[in-house]
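Summary of the model geometry
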Amino acid sequence: MPLIAPSLLSANFLKLSDECQMLNESEADWFHLDVMDGCFVPNISFGIPVISAISKTTKKICDVHLMIVEPEKYAEAFRDAGANILTVHYEACVHLHRNIQQIKSLGMQAGVALNPHTRVELLRDILPDIDVVCLMSVNPGFGGQNFIPNTFEKIRALRKMINELDVAVKIEVDGGVSLENAKQIIDAGADVLVAGNAVFKSADPKQTIHKLKSL
Ligand code: DX5
Ligand code: ZN
């Protein structure tokens, strides 16, 4: 059974409290929180005060996806804001291993996200240190984009590497996940589905989460 991580980037920000309550009543496993800095990605979303408010509404895992440069400057602040999993981008980190160690020493699980052009093989040497690999199935920066099909091959390659190294790493897939392609993504080997538009723009978000969960 996949873990479902709705992305609050697609939520109604004027009704965040209702949106959080809906997620709490749903079968969602994680709250996926997208932080964008206008530098690593061409968009700006929300940051520490908003995540601090959201995390207080829930007992579910807060999965914070940092699309920012120099994430080491803010790791502690995101931990204090309630992040349980802190994911940094391979492409944004000069000293990725150091960043992962920092996140873990702060008591969080460490995630590494890969852009669509970044090969999963590049993670081989540090895979045992990582808790979650977030495979971007769109170019990061915006919700509501189309799923990039090369992700299927990347999921399979990562699953193979995880099995070979015998490590407990979760594969999260982020971007363009829908009720139409979710089964195929799970069959390829994904553990966690992030879904923004597919959940929040649907007529019945709770039911959509239920359907994703039951695939
Ligand atoms: C994209 C974000 C995603 C995004 C997913 O940069 O990392 O989490 O919100 O949204 P959908 O599911 O609409 O593609
Ligand atoms: Zn994300």
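Residues numbered from 1 in each chain as written. Chains lettered and ligands numbered in written order. Predicted model: local features only at pLDDT ≥ 70, side-chain atom pairs only at ≥ 80, totals over all residues. Heavy atoms only, no water.

Before going further, it helps to examine the packing of helix α1 (residues 16-25) against helix α8 (residues 205-213). Contact geometry of α1 with α8 gives a least axis separation of 10 Å together with a crossing angle of 35°. The two elements α1 and α8 meet at a crossing, and its hand is right-handed. Between α1 and α8, the contacting residues are Met22, Leu23 and Glu25 on the first element and Pro205, Lys206 and Ile209 on the second. Its residues assigned to classes, the contact of α1 with α8 comprises four nonpolar, no polar and two charged. (Axes fitted to C-alpha atoms, helices over the stretch in contact; angles between N-to-C directions. Helix = DSSP H or I, 4+ residues; strand = E, 2+ residues; numbered from the N terminus. Left-handed = near helix turned anticlockwise from the far one by under 90°. Contact = heavy atoms within 4.5 Å. Nonpolar A, V, L, I, M, F, W, Y, C, P; charged D, E, K, R; others polar.)

Neighbouring ligand 1 are 20 residues, the closest being Asp34, Gly141, Gly144, Asp174 and Gly196. For ligand 1, an oxygen atom lies 2.7 Å from a polar atom in the side chain of Asp174. At 2.8 Å, a backbone N or O of Gly176 approaches an oxygen atom of ligand 1. Considered on its own, ligand 1 offers 380 Å² of accessible surface; in the complex 99% of this is hidden by protein. Among the elements of the structure, β2 (30-36), β3 (61-67) and β8 (192-195) are those that each provide at least two residues to the shell around ligand 1. With three residues, β2 is the single largest residue contributor to the shell around ligand 1. Its residues assigned to classes, the shell around ligand 1 comprises eight nonpolar, ten polar and two charged. (Near = heavy atom within 4 Å. Polar contact = N/O pair within 3.5 Å; in protein donor to acceptor, adjacent residues only side chain to side chain. Areas by Shrake-Rupley, 256 points an atom, 1.4 Å probe, with all protein chains shown as cover.)

Once that is clear, we can look at the coordination of the zinc ion (ligand 2). In this structure, His32 (NE2), Asp34 (OD), His65 (ND1) and Asp174 (OD) serve as the protein donors to the zinc ion (ligand 2), at separations of 2.0 to 2.3 Å. For the zinc ion (ligand 2), the six donor atoms in the first shell make angles of 70 to 172° at the metal, so the coordination geometry reads as octahedral. (Donors = N, O, S within 2.8 Å, 3.2 Å for Na, K, Ca; no water. Tetrahedral: all angles 85-135°; square planar, octahedral: opposite > 155°, others 65-115°.)

Let's shift gears to the pairing of β8. Along β8, one buried face is formed by Val192 and Val194 and the opposite face, lined by Leu193 and Ala195, is buried too. Where strand β1 (residues 3-6) meets β8, four bridges bridge the pair, whose relative direction is parallel. Note that in β8 the partner of Pro6 across the bridge is Ala195. Pairing between strand β7 (residues 170-174) and β8: three bridges, direction parallel. (Buried < 20%, exposed > 50% of the residue type's maximum accessible area, 1.4 Å probe, protein only. Pairing = 2+ DSSP bridges.)

Moving on, we come to the side chain of Asn115. Take Asn115: it is sitting in the loop between β5 (109-114) and β6 (132-136). For Asn115, a relative accessible area of 9% translates into the label buried. Those residues within four positions of Asn115 in sequence are excluded, and the remaining contacts are Phe40, His89, Glu91, Met136, Pro140 and Lys154.

Moving on to the pattern of salt bridges. Pairs can form between side chains of opposite charge once their charged atoms are near each other. Under the counting rule described, the total for this entry stands at eleven salt bridges. The residue Glu153 makes a salt bridge to Arg156 at a minimum N-O spacing of 3.4 Å. Residue Glu153 and its partner Arg156 are located together in helix α5 (residues 150-165), separated by three residues, close to a single helical turn. A residue is classified by how much of its surface remains accessible, and Arg156, at 42% relative accessible area, is partly exposed. For Lys183, the salt bridge identified is with Asp187, shortest N-O distance 3.0 Å. Linking Lys183 with Asp187, this pair stays in helix α6 (residues 182-188), spanning four residues, or about one helical turn. Residue class for Lys183 comes out partly exposed when judged on its relative accessible area of 41%. Asp187 gets classed as exposed once you look at its relative accessible area, which sits at 54%. Put simply, Glu121, Arg124, Lys160 and Glu164 are held in one network by salt bridges that share partners. (Salt bridge = Lys/Arg side-chain N within 4 Å of Asp/Glu carboxyl O.)

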